[in-house]
Protein chains: 2
Amino acid sequence: VEYEPHAVKVSRFNEDALIARLTRNLPVAPDVRVGIGSDCAVIGQPRDKVWLVLKTDCVVESVHFLPGEKPERIGWKALCRAISDVAACGGVPRHALITLVVPCDYSVERLEGVYAGICKAARSFGVSVVGGETSRSTGGFFLNVALTGEVERKCCVSRTGGRAGDRLYVSGRLGGSMRGKHLDFTPRLDEARWLVTHYLPHAMMDISDGLAKDLPRLAAASKCGFVLNEEEIPKTRGCSLKDAMEDGEDFELLFAMSPKLASKLETAWKKKFPRVPLTCIGQFVRSSAPSTQLTYRGFDHFT
Amino acid sequence: VEYEPHAVKVSRFNEDALIARLTRNLPVAPDVRVGIGSDCAVIGQPRDKVWLVLKTDCVVESVHFLPGEKPERIGWKALCRAISDVAACGGVPRHALITLVVPCDYSVERLEGVYAGICKAARSFGVSVVGGETSRSTGGFFLNVALTGEVERKCCVSRTGGRAGDRLYVSGRLGGSMRGKHLDFTPRLDEARWLVTHYLPHAMMDISDGLAKDLPRLAAASKCGFVLNEEEIPKTRGCSLKDAMEDGEDFELLFAMSPKLASKLETAWKKKFPRVPLTCIGQFVRSSAPSTQLTYRGFDHFT
């Protein structure tokens, strides 16, 4: 469908600019602790001990997975993406609602497979699937996950709290997700919960669009510049620096940590998660200081 | 895309049967007060004074609206559908998350129009839009709304509490929604809140797929049969009985009320909502008693 041949197209905007433009006039309610522009929304009164975490996320056929993909993996990915975002806020995922938009000729066995993948992820990470919605699609297959979670006020992390001098860390290894990891990754829920209860990061997010896209987002939200030591970036075996910076869908944690806690954190992490590398890749600097100029771009839906 | 030419297709199932099949193995957590098969999920501990209401809902281009439709009306409809469901549970809507799945050649002005419609609905009904997700679409335009709400435990209504002898009521008039009402309807939030705080219905839902589809759902969930007085059904001007039974997207309230409260309710409603008709259209009977055999079908996405 060609909508309006002379109109300004969505493809003229990058995703962040598009969202900023669409949401510029939205009123913000007083109980919104973290709003638009973060991994999740966080709701609650300033003095509540526990806040509500809200996330919505979708996977789209031919964008996030191929039409012939194993259905269990589609379901796993759909729920785990949202779990990864709740984890990045320091939260514990709780209840999920699933929207399926399905072509009429879609196979019921495939849909059951998708649901089996959702169920497996739900069981693995303590989520209850409590409802959903089903609609016919006139195009491909879409799946939306709406996920709630809980976070203790003192454990809540967003993108905005980073400070100049903070060390920047990533979990795991980056790049090469399209070889399979984007469909069967493990959201870093255990790691994130351990972090926020032991060494509260100043700012945190998960890497979904590639470090080249997401690190500048974290820095901008924290009003910092950054220095990135490209040679330190932990690359998936066989991946180039470009892959590690741009592939996206790593679903690893990226966080800013007080330099005072750095060496303690590194020792404790190694003991707690011996199989998941933790790497210091740089640091935040004052926003007026020169930042590393990235030669890579990361993933964008529209440009 | 033809997925698997010999597989059982989604179109072999009606929507309820499909959902039942997909969700049959889902574990139910102990804090789920109302789960799959109702208008909303309701979460909380049995003794909590206020429960959390969760809803997800979508509108799909060429299914719920035409590609050339005025964008403000698409946004209004998308959020108001979900508000209608929260109202039908007795709840107050609170926070919304918006997922946009958009073709790259979609006009940004149109998207802004959709958001303006969402904002207008949000302001009208006290909802905060707190986040969302954006993805590229390879097919049409698709919009998902995830909405939270709150309901006092003593005001919470589901589909399951109806009893033999209850009077069945509908608000407003049914049929003809495709002439425009499906895009600019007013969710019956005020009416539903007044009902649950003054004359708590035993069971309630909103009519989205037509009375012919939704009344049997309410009866089945309440384990009742029903007698429907077809001549009593309030029809939109110019609509036939068939239209009123089948068109769907009325977004009117359908509820079961103790016969002891019926005459008081009717008098009080007329005074409170003089411009919204309230009509008794029949009653619940024992499930073993003969029910009215419907000659109409209502809307189904897949069959």
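Residues numbered from 1 in each chain as written. Chains lettered and ligands numbered in written order. Predicted model: local features only at pLDDT ≥ 70, side-chain atom pairs only at ≥ 80, totals over all residues. Heavy atoms only, no water.

*Asks:* So what exactly am I meant to see when it comes to the pairing of strand 6 (residues 142–152) of chain B here?
*Replies:* All names here are of chain B. A large share of strand 6 lies buried, amounting to nine of its eleven residues. Pairing between strand 3 (residues 50–60) and strand 6: eleven bridges, direction antiparallel. The residue bridging valine 50 from the neighbouring strand is glutamate 152, located in strand 6. One ladder, built from eight bridges, connects strand 4 (residues 92–102) with strand 6; its direction is antiparallel. Paired with leucine 100 across the strands is leucine 143, a residue of strand 6. (Buried < 20%, exposed > 50% of the residue type's maximum accessible area, 1.4 Å probe, protein only. Helix = DSSP H or I, 4+ residues; strand = E, 2+ residues; numbered from the N terminus. Pairing = 2+ DSSP bridges.)

*Asks:* Hey, could you run me through the interface of chain A and chain B in this one?
*Replies:* You'll often see interface size given as the accessible area lost when the parts meet. Counting residues at the interface gives 80 residues for chain A, matched by 81 residues for chain B. Counting the surface lost from both chain A and chain B, the interface buries some 6,800 Å², and carbon and sulfur atoms represent 63% of this. Remark: the boundary between chain A and chain B carries ten salt bridges. Here lysine 55 of chain B ties to glutamate 133 of chain A by a salt bridge, and the two come within 3.8 Å at their closest N and O atoms. At the junction of chain A and chain B, the tally comes to 20 residue pairs in polar contact (both at pLDDT 80 or more). Sorting the residues of the side of chain A that touches chain B by element identifies helix 1 (15–23), strand 2 (41–43), strand 3 (50–60), strand 4 (92–102), helix 3 (108–124), strand 5 (128–136) and strand 6 (142–152) of chain A as the ones contributing at least two each. Looking at which element gives the most residues to the side of chain A that touches chain B, the answer is strand 5 of chain A, with nine residues. (Contact = heavy atoms within 4.5 Å. Buried area = accessible area lost by both parts, 1.4 Å probe. Salt bridge = Lys/Arg side-chain N within 4 Å of Asp/Glu carboxyl O. Polar contact = N/O pair within 3.5 Å; in protein donor to acceptor, adjacent residues only side chain to side chain.)

*Asks:* I tried to follow unusual backbone geometry on my own but got confused; where do I start?
*Replies:* Backbone geometry follows two general trends: most residues other than glycine have a negative phi, and most peptide bonds adopt the trans configuration. All names here are of chain A. Of note in this structure, serine 62 is not a glycine but carries a positive phi near 70 degrees. Here serine 62 is to be found in the loop between strand 3 and helix 2 (71–88). On the basis of relative accessible area, serine 62 is assigned to the partly exposed category, the value being 39%.

*Asks:* In this structure, what is going on with the relation of the copies chain A and chain B? I would like to understand it.
*Replies:* The relation between the two copies of this chain is a rotation about an axis and a shift parallel to it. Mapping chain A onto chain B leaves a residual RMSD of 0.0 Å; the transformation is a rotation of 180 degrees accompanied by 0.0 Å of translation along its axis. Seen this way, the second copy is the image of the first under a two-fold rotation axis. Residue glycine 139 of chain A of chain A places its C-alpha closer to the rotation axis than any other residue of that unit, at 2.3 Å. Take the interface residues of chain A: 100% of them recur as interface residues in chain B, which is what a same-surface contact looks like. (Least-squares fit on C-alpha atoms with pLDDT ≥ 70 in both.)

*Asks:* Is there a simple way to explain the packing of helix 5 (residues 189–198) of chain B against helix 8 (residues 262–272) of chain B in this structure?
*Replies:* Packed helix pairs are specified by the crossing angle of their axes together with the interaxial distance, meaning the distance between the axes. Residues and elements named next belong to chain B. The geometry of helix 5 relative to helix 8 is characterised by a closest axis approach of 12 Å and an angle of 145 degrees between their N-to-C directions. Seen from above, helix 5 lies across helix 8 with right-handed handedness. Contacts from Glu191, Trp194 and Leu195 of helix 5 reach helix 8 at Leu265, Ala268, Trp269 and Lys272. Of the residues that constitute the contact of helix 5 with helix 8, the class distribution is five nonpolar, no polar and two charged. (Axes fitted to C-alpha atoms, helices over the stretch in contact; angles between N-to-C directions. Left-handed = near helix turned anticlockwise from the far one by under 90°. Nonpolar A, V, L, I, M, F, W, Y, C, P; charged D, E, K, R; others polar.)

*Asks:* Would you mind showing me how to read the environment of glycine 75 of chain A here?
*Replies:* Residue and element names in this part refer to chain A. Here glycine 75 shows up in helix 2. The spacing of glycine 75 and valine 34 is 41 residues in sequence and 28 Å in space, taken between C-alpha atoms. If we ignore the near neighbours within four places in the chain, the residues touching glycine 75 are Val114, Gly117 and Ile118.

*Asks:* Teacher, can you tell me more about the confidence of the model for chain A here?
*Replies:* Low-pLDDT stretches of the model should not have their predicted coordinates read in fine detail. In the predicted model, chain A carries a mean pLDDT of 93, and the fraction of residues at 70 or more is 98%. For this predicted complex, the interface confidence reaches an ipTM of 0.93, while the overall pTM sits at 0.94. (pLDDT = per-residue confidence, 0-100.)

*Asks:* Help me understand the side chain of aspartate 31 of chain A, please; the structure alone is not making it clear to me.
*Replies:* By secondary structure assignment, the location of aspartate 31 of chain A is in the loop between helix 1 and strand 1 (32–34). Accessibility expressed as a relative area gives 7% for aspartate 31 of chain A, which makes it buried. Not counting the four nearest positions on each side in its chain, aspartate 31 of chain A is found in contact with Val42, Ile43, Gly44 and Gln45 of chain A together with Arg94 and His95 of chain B.

*Asks:* Could you clarify how one ought to interpret the pairing of strand 8 (residues 203–206) of chain B in this entry?
*Replies:* Remark: a regular strand shows side chains that alternate across the two faces of the sheet. Residues and elements named next belong to chain B. Of the two faces of strand 8, both are covered, the one formed by Ala203 and Met205 as well as the one formed by Met204 and Asp206. Two elements, strand 8 and strand 10 (residues 253–257), share four bridges in a ladder whose sense is antiparallel. Bridge pairing in strand 10 places methionine 204 opposite phenylalanine 255.

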